[in-house]
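What follows is each chain in one-letter form.
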Amino acid sequence: MRHTQSVDLLAGVPLFQVLGKEGVAAAAQAGSCRTYPPGQLICHQGDPGEHLYVVLEGLVKVVFTSEGGDEMVLNVMGPQEVFGELALLDGSPRSASVVTLQPSAIFVLPRAQLLQLISRNPGLADGFLKLIGKLVRKLTEQAGDLAFLDLQGRLAKLLLRLSEQDDKVRSVVLDGGLTQSDLAGMIGASRPAVNRALRSFATRGLITIQGRAIVLRDLESLRRRSRVPAPIRGFSLLAGPVQDR
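On a predicted model such as this, the values are computed, not experimentally measured, just so you know.

Definitions and limits used
Within any chain, residue numbers begin from 1 and follow the written order of that chain's sequence. For this predicted model, a pLDDT threshold of at least 70 governs which residues receive local features, and a threshold of 80 or more governs which side-chain atom pairs are given and counted, while totals over whole chains, interfaces and linings are taken from all residues. With hydrogens and water set aside, each side-chain value is computed from the structure's full complement of heavy atoms. Elements are defined by DSSP. Helices are runs of H or I of four residues or more, strands are runs of E of two residues or more, and each kind is numbered from the N terminus. In this scheme, a residue with accessible area under 20% of its type's maximum is buried, one over 50% is exposed, and one in between is partly exposed, where area comes from a 1.4 Å probe on protein chains only. The contact criterion used is simple: two residues touch if any of their non-hydrogen atoms lie within 4.5 Å. Surface exposure here means Shrake-Rupley accessible area, sampled with a 1.4 Å probe, where a residue is shielded only by the protein chains that are shown. DSSP calls a pair of strands paired once it identifies at least 2 bridges connecting them. Note on method: axes are straight lines fitted to C-alpha atoms, helices fitted across the in-contact stretch only, with angles between N-to-C directions ranging 0 to 180 degrees. Stacked, edge-to-face and tilted are the three classes for Phe, Tyr and Trp ring pairs, Trp counted by its six-membered ring, which pair at centre distances within 6.5 Å; planes under 30 degrees apart are stacked, over 60 edge-to-face, the rest tilted.

(A) Molecular detail of the overall build of the protein. On a plain count of helices and strands, the protein comes out with 9 helices and 11 strands. Counting the 245 residues in the protein, one finds 43% classified as buried. The contacts in the protein between residues at least 6 apart in sequence include a share of 74% that link residues at least 24 apart. With the model as given, the accessible surface of the protein reaches about 12200 Å², and the carbon-plus-sulfur share is 53%.

(B) Layout of the sheet that holds strand β3 (residues 51-57). Ordered in space as β1-β8-β3-β6, the 4 strands form an open sheet in which the pairing is antiparallel. In this open sheet, the two edge strands, each paired with only one partner strand, are β1 (32-36) and β6 (82-83). Sheet analysis places β3 next to strand β8 (residues 104-110), joined by 6 bridges and oriented antiparallel. For Tyr53, the partnering residue across the bridge sits in β8 and is Val108. Packed on one face of the sheet, helix α1 (residues 3-11) meets β1, β3 and β8 and runs near 100° to β3.

(C) Representation of the packing of aromatic side chains. Tallying each qualifying case throughout the model produces 2 aromatic pairs. With 6.5 Å between their ring centres and 90° between their planes, Phe16 and Phe107 make a pair best called edge-to-face. One end of the pair, Phe16, is in the loop between α1 and α2 (20-30); the other, Phe107, is in strand β8, with 91 residues separating them in the sequence. Residue Phe16 is classed as buried on the basis of its relative accessible area of 0%. Relative to Phe83, the ring of Tyr53 lies with its centre 5.0 Å away and its plane at 5°, an arrangement referred to as stacked. With a gap of 30 residues between them, Tyr53 in strand β3 and Phe83 in strand β6 connect regions that are remote in the sequence.

(D) Fine view of unusual backbone geometry. Phi is positive for Gln80, close to 75°, though the residue is something other than glycine. Looking at where Gln80 falls in the secondary structure, it is placed in the loop between β5 (71-77) and β6. Using a relative accessible area of 41% as the deciding quantity, one classes Gln80 as partly exposed.

(E) Quick peek at the sheet that holds strand β4 (residues 60-65). Read across the sheet, 4 strands follow the order β2-β7-β4-β5 without closing on themselves; strand pairing throughout is antiparallel. Where the open sheet ends on each side, the last strands, each with one partner, are β2 (41-43) and β5. Shown here is a sheet whose adjacent strand axes are inclined to one another by a mean of 35°, direction ignored. Direction of pairing for β4 relative to β5: antiparallel, over a ladder of 6 bridges.

Note that every value here comes from positions in space, so none of it alone points to a role or purpose.
Here it is, written out as structure tokens:
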């Protein structure tokens, strides 16, 4: 990826918009852009937190691994999203691994350069506070979903989050290389339970399962099932399979 292209993409990241045009260019110069194929490990759980990462292109998943080797997908992140900020702030090791789901371009900024940018642009510290606040709200929402939504409600909400479509769209094909096991981990369920819920949705016409792809057919019914009153905006996953495992 060319440097000018990296600058343009970085300028769209909310965290760096406070820097202005020259500041974004300086940030791009202080870091580097790396490209990864699908299935590539970007950072490993337990590694020292020495870099900030920004997804410029592609899709990644955040994975927590237990001591017994079991894995759970905590989050999926697309363009303009940032990860690695917690380890930078508190000096602790990485709390999870990050793996690419699609070919991805990742901007990597070393901690020392980040601190220099913050010292020259105090508004950047406010951006980090907003990131932390967003994370806390997400964790609170997930706790509420586990308490107040059943499995099908949580699955419907996840499918909507992965679609990022408006009211006029009636058909969305989910992609990204996520397996049904990944979907299960994101809503606190087992893969067989998610498989049964998907087939129940298909029977009622909410989705269509085409081989290994999931096509959303009735977004309004999915919103009612998940108690989501309006479209959820995040990132778009189009034209590909959600694989079974």
